[in-house]
Structure formats: structure tokens, C-alpha cells
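# Observations on the model geometry
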Amino acid sequence: MSDIWLNLPVSDLEKAKKFYTAIGFENNAGPGNSAVSASFKIGKNNFILMLFQDKVFESFTKTNIAD
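Only a predicted model underlies this, so the values are computations on that prediction, with no experimental measurement involved.

Scoring rules and cut-offs
- Residues numbered from 1 in each chain as written.
- Predicted model: local features only at pLDDT ≥ 70, side-chain atom pairs only at ≥ 80, totals over all residues.
- Heavy atoms only, no water.
- Core = buried A, V, L, I, M, F, W, Y, C linked by side-chain atoms within 4.5 Å.
- Buried < 20%, exposed > 50% of the residue type's maximum accessible area, 1.4 Å probe, protein only.
- Helix = DSSP H or I, 4+ residues; strand = E, 2+ residues; numbered from the N terminus.
- Contact = heavy atoms within 4.5 Å.
- Phe/Tyr/Trp six-rings, centres within 6.5 Å; stacked < 30°, edge-to-face > 60°.

Moving on, we come to the nonpolar core. With eight residues, the main nonpolar core is built from Val 10, Leu 13, Ala 16, Tyr 20, Ala 38, Phe 40, Leu 49 and Leu 51. Going through the elements one at a time, helix H1 (13–22), strand E3 (37–42) and strand E4 (47–53) are the ones with two or more residues in this core. Examining the composition of this core, we find that three residues originate from one element, H1, more than from any other. If sequence neighbours within four positions are ignored, Leu 49 has contacts with Leu 6, Leu 8, Tyr 20, Phe 25, Ala 38, Ser 39, Phe 40 and Ile 42.

Structure, rendered in C-alpha cells:
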């Protein structure tokens, strides 16, 4: 089964990481853990949540993030 990846922009990566950890998401040790992004496994399926700092997200989507 293929992984499903959800990429989301966040303005405060550390705050977002604490939130998702507090609600029980498992830190994904794979790709995406750096100073500008974080990766979490959701449930027992192959669902991965990727969080990116706003500017990093904008750089690869080539669009501005709506407020």
C-alpha cells in the first residue's frame, strides 16, 4: 500500500510539533525532520503529515499562503 502524504504550512513549527505530539501523533523518523519541517505518522495506516514553515512551503508550491 502506498503512503498518503498531507503537506501543511505552519507559522510556528515548534508550537505545531508540540500540538501534534500532544494529541498523540507519532513522530516519523523518516524524511522531513529538520529545522524547517516535521513529519508525523497518523494512526496505523500509511498516512504521513508533513509540516513546513510557511516560507519553505511557499518555495515549493510557488504560491503565497492565504491568511
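Scanning the entire structure with this criterion turns up five aromatic pairs. Considering the side-chain rings of Tyr 20 and Phe 40, the 6.1 Å spacing of their centres and the 45 degrees angle between planes classify their relative orientation as tilted. One end of the pair, Tyr 20, is in helix H1; the other, Phe 40, is in strand E3, with 20 residues separating them in the sequence. Each member of the pair, Tyr 20 as well as Phe 40, carries the same accessibility label: buried. Chaining the aromatic ring pairs together yields one cluster made of Phe 19, Tyr 20, Phe 25 and Phe 40.

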